[in-house]
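Remarks on the overall topology
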Amino acid sequence: MKRVQSGENKLRPTPTDADRGAIFDESAKKDDEVFRMAVADLNLNNEILETEKITVSVEFVDGNNPFQAVQEACELMNRGILALVSSISCMSAGSLQSLADAMHIPHLFIQRAPAGTPRSSCPPTSRAQPDDYTLFVRPPVYLNDVIFQVVMEYTWQKFIIFYDTDYDIRGIENFLDQTSQQGMDVSLQKVESNINMMITGMFRTMRVEELHRYRDTLRRAVLFMSPATAKAFITEVVETNLVAFDCHWIIINEEISDMDVQELVMKSIGRLTLVRQTFPFPQNTSQRCVRNNHRINTSLCDPKDPKAQMLEITNRYIYDTVLLLANTFHRKLEDRKWHSMASLSCIRKGSKPWQGGKSMLDTVKKGGVSGLTSLLEFNDNGSNPNIYFEILGTNYGEDRGRGVSRLATWDPIHGLNGTLTDRKLENNMRGVVLRVVTVLEEPFVMVSENVLGKPKKYQGFSIDVLDALANYLGFKYEIYVAPDHKYGSQQADGTWNGLIGELVFKRADVGLSALTITPERESVVDFTTRYMDYSVGVLLRKAERTVDMFACLAPFDLSLWACIAGTVLLVGTLVYLLNWLNPPRLPMGSVSSTTLYNSMWFVYGSFVQQGGEVPYTTLATRMMMGVWWLFALIVISSYTANLAAFLTISRIENSIQSLQDLAKQTDLPYGTVLDSAVYDQVRSKSMNPFERDPMYSQMWRMINRTGGAENNVEESKEGIRKVKYGRFAFVWDAAVLEYVAINDEDCSLYTVSNNVADRGYGIAMQHGSPYRDIFSQRILELQQNGDMDILKLKWWPRDSPCDLYSPVGTRKSGSALDIHSFAGVFFVLAAGVVLSCLIATVETWWTRRKGSRVPSKEDDKEIDLEHLHHRVNSLCTEDESPHKQFSTSSIDLTPLDMDSLPAARQALEQISDFRNTHITTTTFIPEQIQTLSRSLSAKAAAGFAFGAVQDHRTGGPFRQRAPNGGFFRSPVKTMSSIPYQPTPAPNFSYGNDPDRGTSI
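Residues numbered from 1 in each chain as written. Predicted model: local features only at pLDDT ≥ 70, side-chain atom pairs only at ≥ 80, totals over all residues. Heavy atoms only, no water.

**Notes on the overall build of the chain**
Note the cut-off: Note on conventions: DSSP H or I runs of at least 4 residues are helices, E runs of at least 2 residues are strands, and numbering of each starts at the N terminus. With a 1.4 Å probe rolled over the protein chains alone, any residue whose accessible area is under 20% of its type maximum counts as buried; one over 50% counts as exposed, and the rest are partly exposed. We call two residues contacting when some pair of their heavy atoms lies within 4.5 Å.
Of the regular secondary structure elements, the chain holds 31 helices and 36 strands. Expressed as a percentage of the 1000 residues in the chain, the buried residues total 48%. For the chain, the proportion of contacts with a sequence separation of at least 24, taken over those separated by at least 6, is 76%.

As structure tokens, this is what we get:
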């Protein structure tokens, strides 16, 4: 450092001359100017100094070189001085303090902070003693107490402290201890001299997430730095969008001038609070430059004077120090206790201190003056207790030319005088008109009314949320659509387009739509808290419902149906074989037989639970049929149960049910909106090595095919249209796709979504908007009281007629079945009717053809039962008739008789029970049975023994029951009596078995 020496009126100290030595920092040129101005004013004041004059000796030293300061002080003492005045830093002040104590020279120390930074308390050189010769003109450092009181009033819990390179961080140790005890989260950061390089380095080294957290930290900050550094720092962070309009910064420094306040307010945004030292002025303007018996220079005491406005605090204290020493010198002369000053040598060994130093020190302590610093006086510790701080502040807002007002004051005795609140915005925003930019996206924002010549009206879920906020906060808004109809993405030159670009370029205050919160977007705009969760979904077209004519056959597989049909044939054949090996005994007159055809028909009838006509009496056949009926019961029951499930539940086969299914297949093309948030998310999760996901990697290969132009669209409406009318899957916001599927007229769309909500929809604002926090708070209130859920149900109802998640066009369970479900049943019925008609036609044709080739038999004829009764009665009542010779006892004809007549076996038609006679008459219809009739007549005539039975014959006509309703069908044309002729009696082993014969 260059050493500068100045001054140097070297008058010999006489009773009428007072020499004062001064040591200033070499950067404090203004201190020297004010020092000499004060001496000149006092030398012109005859009331204080009548004939005395003040002489000065000033030396400039390097404030960081204590050895130089001591050397210059010794030279001043050598010349003879009454007091030593120093305006220097703490490093050199300690050496001067030791020298003054040794030489008994009163030392008035004015602490000077380097480069205008806030002061830190000087470390004590020794234990404080009452006879210390150093007096501290500037009051102790109270910055820790003031800033702690301000932070507590603002109720800050988290903030960051910035300090410049010249500030001694040890000065806020007590403040950090107090905040730690209060549980506050406080960060520290040093501001380098090259601020631009520091900010650029942060952008280069920090990731987006870290930069976002850092920006949130900057919303509350305390600056311990010089006004010049604070101006440069605020300018840099504002230009780089590191701070927002909702930030609140506190700048604390005793050395803040009015001009500095205006410049800081102009450069800052958000809210600014300034804490500086102030000096009370008399309310009467005429008394501002008059202090007791001394008139201060007008250029120093008039607040409107430019020179007075540029005064530093050390300048003020230097002026008052000179005034105090002049009054002390005057009192010493009046007390006539003047001690002549001898030349002092601090270099020579054994040098004695000044004998009048103690008296001079006491006189200075007892004195006090009113000057530019209001009142300058000292307490017993040698410090000045009089200090006042004022707290200035601005309101939140975007207007950089906003006014500054005094919020409170502070002093060591009374503490804080005033109220400080950090209320950013009131709930009442009436009168505020916000300009809202949007992008049309169903159901978030839609045009509800578009009348020519009138502003468009909008509706949607996001509009409902905005209206809820507007009704509560009281603001109004104007809405318009982004010119390019895009949400916004960063371009190659670093700028943003779309909705985000409107906010970045400050053409809109609020951005509202189906806008997702992403780190890239949050780096340039601010978002409120999410008002709805977001997840990626896929919109697909449901499979076409094909008309299955044979849906009734669906419960069983084709192979099972084939097995059942084969089983029917097999069991029918087995039943026939079992009856053929062991023929059953059939009742006489039965028309049933155990042919293969009848066996098959019986097995089929029992399978469909319709019964059969052939009675099987053998044990083997009954065992077979029992097992078959059990088999049929199980099969039919299983078919019935499974048929109900098939007709009410649609099975989903080969359908996409998740994002994983979509990513694994390549047959169905899919894509999203180009350069959208979904597009960026898929790309990030497929290419970022820290969050790479195999599923998203597969999706990215499909989406990015041919550079993304093949499968991606420009707008979401285009993607939805491709899904509905083409073969395509659209990847987009799940909420938007669900709304589209719900409101589809044909219910032909369904959605597949990822249930993990890793993002959300938010309201975007300009970076640093003062409305962000109050919007977020109100959104949380809407979510907490359930109003947000009510708004959601308006656009995503739970009772939708369409099934959002079924890949086929099915209705909800419980609805009526349509004709498609039973078309196969009607088809089978129609086929059976057609086949029956065809068979009937063939049979008719065959019968007629056979009748033309064979002599015709007598046609069947319906016979009146009364006529039959008359003829039978006549047979029984004629006296000469051979029939009278046998009794009414039963005549048994065994099956052997029947078997001997082939035509008779096939011609039994009906058995009639004649009441009151117990006679059963069997009518043999074909003409071939006449042989048997003649045989019976011969037996009756010969008195064939039929067994002893009681005669139940009565004389009246016979009565009968006609099971067919009253008519017998018979091939005979006329009814004749049956002549019974005697025949040889065969040997029947079972002739009396009532089950094996026919009784007459």
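Let's pick the thread back up.
**Notes on the sheet that holds strand β26 (residues 536-541)**
Where we set the bar: In this analysis, strands are considered paired if DSSP registers two or more bridges between them.
Read across the open sheet, the four strands follow the order β27-β28-β26-β29; overall the sheet is mixed. Of all strands in the sheet, those with a lone pairing partner are β27 (670-671) and β29 (749-753), marking the two edges. Judged from the four bridges that link them, β26 and strand β28 (residues 729-733) form a sheet pairing that is antiparallel. In the strand pairing of β28, G537 is matched with W732.

**Observations regarding the environment of N711**
The condition is simple: Counting of polar contacts relies on pairs of N or O atoms within 3.5 Å, with two restrictions inside protein: one atom must be capable of donating a hydrogen and the other of accepting it, and residues adjacent in sequence are counted only when both atoms are side-chain atoms.
One can find N711 in the loop between α22 (694-703) and α23 (716-725). With residues near it in sequence (within four places) discarded, N711 still touches P669, Y670, G671, T672, M702, R705 and F728. At a separation of 2.8 Å, a polar atom in the side chain of N711 contacts the main-chain carbonyl oxygen of M702.

**Here we look at a nonpolar patch on the surface**
Rule in force here: Candidates for patches are residues over 30% relative accessible area with no salt bridge; among them, like charges are joined within 9 Å and nonpolar side chains (Val, Leu, Ile, Met, Phe, Trp, Tyr) within 5 Å. Working definition of accessibility: Shrake-Rupley area with a 1.4 Å probe, residue cover restricted to the visible protein chains. By salt bridge we mean one thing: a side-chain nitrogen of Lys or Arg within 4 Å of a carboxyl oxygen of Asp or Glu.
On the surface, a nonpolar cluster with roughly 650 Å² of combined accessible area is contributed by L835, L838, I839, V842, W845 and W846. Here W846 shows up in helix α27 (residues 823-853). Owing to a relative accessible area of 48%, W846 belongs among the partly exposed residues under this scheme.

**Topic: the UniProt feature "site: Interaction with the cone snail toxin Con-ikot-ikot" (unreviewed entry) in the chain**
Test applied: UniProt positions are given in the numbering used here, feature names are shortened, and annotations may be inferred rather than shown by experiment.
UniProt records the feature "site: Interaction with the cone snail toxin Con-ikot-ikot" (unreviewed entry) for R683 in the present numbering. Structurally, R683 is set in helix α21 (residues 677-687). Judged by its relative accessible area of 33%, R683 falls in the partly exposed class. The residues contacting R683, other than those within four sequence positions of it, are N688 and W700.

**Focus: the sheet that holds strand β24 (residues 525-527)**
Counted only if it meets this: Helix axes are fitted to C-alpha atoms over the stretch in contact, other axes to C-alpha atoms as well, and angles between N-to-C directions run from 0 to 180 degrees.
As summarised here, the arrangement of the five strands in space is β22-β19-β23-β31-β24, forming an open sheet in which the pairing is mixed. Each edge of the open sheet carries a strand with a single partner, namely β22 (476-481) and β24. Along the sheet, successive strands turn relative to each other by an average axial angle of 30°, direction set aside. Summarising the sheet, β24 and strand β31 (residues 764-766) pair through three bridges and their orientation is antiparallel. Its bridge partner being in β31, F527 is matched across the sheet by A764. Along the sheet, helix α14 (residues 461-473) makes contact with β19 (433-438), β22 and β23 (510-512), crossing β22 at roughly 160°.

**Points about the environment of P66**
Counting through the fold element by element, P66 comes out in helix α2 (residues 66-79). When the C-alpha atoms of P66 and A93 are compared, they prove to be 7.6 Å apart, with 27 residues separating the residues in sequence. Aside from chain neighbours lying at most four places away, what touches P66 is M91, S92 and S95.

**Considerations on the packing of aromatic side chains**
Counted only if it meets this: Ring geometry is summarised as follows: Phe, Tyr and Trp rings, the Trp one being its six-membered ring, pair when their centres sit within 6.5 Å, and such pairs are stacked at plane angles under 30 degrees, edge-to-face over 60 and tilted between the two. The rule is short: NZ of Lys or CZ of Arg within 6 Å of the ring centre and within 35 degrees of the ring normal puts a charge over the ring.
In total, this model carries 28 aromatic pairs according to the counting rule given. Between Y534 and Y761, the aromatic rings sit 5.6 Å apart at their centres with planes inclined by 90°, giving edge-to-face as the arrangement. Separated by 227 residues along the polypeptide, Y534 in strand β25 (residues 532-534) and Y761 in strand β30 (residues 759-761) bring together distant segments of the chain. Neither Y534 nor Y761 differs from the other in exposure class; each is buried. Among the aromatic residues, those joined into a cluster by ring pairs are F444, F461, Y531, Y534, Y761 and W796. A cation sits over an aromatic face here: R778 above Y472, 3.8 Å from the ring centre.

**What to know about the pattern of salt bridges**
A full pass over the atoms with the stated rule returns 24 salt bridges. In this structure, D362 engages K358 in a salt bridge whose closest nitrogen and oxygen atoms are separated by 3.7 Å. Here the residue D362 and the residue K358 both occupy positions in helix α13 (residues 357-366), the gap between them amounting to four residues, near one helical turn. For D362, a relative accessible area of 27% gives the class partly exposed. What makes K358 partly exposed here is its relative accessible area of 34%. A single salt-bridge network, built from bridges that share partners, covers R119, R138, E254 and E255.

**What about the nonpolar core?**
The line we're drawing: In this description, a nonpolar core means a group of buried Ala, Val, Leu, Ile, Met, Phe, Trp, Tyr and Cys residues linked to one another through side-chain atoms lying within 4.5 Å.
Grouped together as the largest cluster of nonpolar side chains are 90 residues, with contacts concentrated most on F444, F461, Y531, F730 and F775. Looking at which element gives the most residues to this core, the answer is α14, with eight residues.

**Here we look at the packing of helix α8 (residues 227-239) against helix α9 (residues 258-267)**
The condition is simple: Note on angle classes: values under 35 degrees are labelled roughly parallel, values over 145 roughly antiparallel, values of 65 to 115 roughly perpendicular, and the remainder oblique. Amino acid classes used here: Ala, Val, Leu, Ile, Met, Phe, Trp, Tyr, Cys and Pro are nonpolar; Asp, Glu, Lys and Arg are charged; the rest, including Gly, are polar.
Taken N-terminus to C-terminus, the directions of α8 and α9 make an angle of 10°; their axes are 9 Å apart at the nearest point. Relative to α9, α8 is oriented roughly parallel. Taken together, the residues of α9 that come into contact with α8 (itself represented by P227, A230, K231, I234, T235 and V238) are D260, E263, L264 and K267. Within the contact of α8 with α9, the residues separate by chemical class into five nonpolar, one polar and four charged.

**Re the state of the cysteines**
This is how the line gets drawn: For this text, the term disulfide refers to a pair of cysteine sulfurs within 2.5 Å.
For the structure on display, the rule yields two disulfides. Between the sulfur atoms of C747 and its disulfide mate C802 the distance is 1.7 Å. Every disulfide takes its handedness from the sign of the S-S torsion; for C747 and C802 that torsion is -60°, giving left-handed. Placement of C747 in the loop between α24 (734-742) and β29 and of C802 in the loop between α26 (787-795) and α27 is noted, with a sequence separation of 55 residues between them. Assessed through its relative accessible area of 21%, C747 is described here as partly exposed. On the accessibility criterion, C802 (5% relative accessible area) is buried.

**Here we look at α2**
The line we're drawing: By this rule the span expected of a helix is its residue count minus one, scaled by 1.5 Å.
Taking 1.5 Å per residue, 14 residues should reach 20 Å; α2 reaches 20 Å between its end C-alpha atoms and fits that length. Listing the buried residues of α2 in full gives Q68, A69, E72, A73, C74, L76 and M77. Trailing α2 by a residue or two, G80 shows a phi angle of about 100°, which is positive.

**What to know about a negative patch on the surface**
The following threshold applies: Residues scored as charged are limited to Lys and Arg (positive) and Asp and Glu (negative), so that His and the chain ends carry no count. To locate a charge, take atom NZ for lysine, CZ for arginine, CG for aspartate or CD for glutamate.
On the surface, a cluster of negative charge is contributed by D675, E714, E715 and E718. Its place among the elements puts E715 in the loop between α22 and α23. A residue is classified by how much of its surface remains accessible, and E715, at 39% relative accessible area, is partly exposed.

**Describing unusual backbone geometry**
In this chain, E442 is followed by P443 through a cis amide linkage whose omega measures -5°. Within the secondary structure layout, P443 lies in the loop between β19 and β20 (446-449). Positive phi values are uncommon outside glycine, yet S374 reaches one of about 75°. Mapped onto the fold, S374 is located in strand β15 (residues 374-377). Positive phi values are uncommon outside glycine, yet D675 reaches one of about 60°. Classification of D675 as partly exposed rests on a relative accessible area of 40%.

**A few points about the pairing of strand β8 (residues 185-191)**
We count it as follows: Consider the strands pointing away from the viewer: the crossover is right-handed when the path from the first strand over the helix to the second runs clockwise.
Bridging between strand β7 (residues 158-164) and β8 involves seven bridges; their strand directions are parallel. Along β8, the bridge assignment pairs K158 with D185. Between β7 and its parallel partner β8, the chain crosses via helix α5 (residues 173-181), and the hand of that crossover is right-handed.

**What to know about the side chain of T278**
Note that T278 resides in strand β11 (residues 271-278). Note on T278: relative accessible area 17%, which makes it buried. Each residue touching T278, except ones within four places of it in the same chain, is listed here: Y388, F389, E390 and R406.

**Quick notes on the packing of α21 against α22**
For any two helices packed against each other, one specifies the inter-axial angle together with the distance between the axes. The line we're drawing: Left-handed is the label given to a crossing in which the near helix is rotated counterclockwise from the far helix by less than a right angle, and right-handed is the label when the rotation is clockwise.
The contact between α21 and α22 brings their axes to 8 Å, and the two run at 125°. In this view, α21 runs oblique relative to α22, as classed from their interaxial angle. Crossing of α21 over α22 shows left-handed handedness. On α22, the residues touching Y679, Q681, V682, R683, K685, S686 and M687 of α21 are Y696, S697, M699, W700 and I703.

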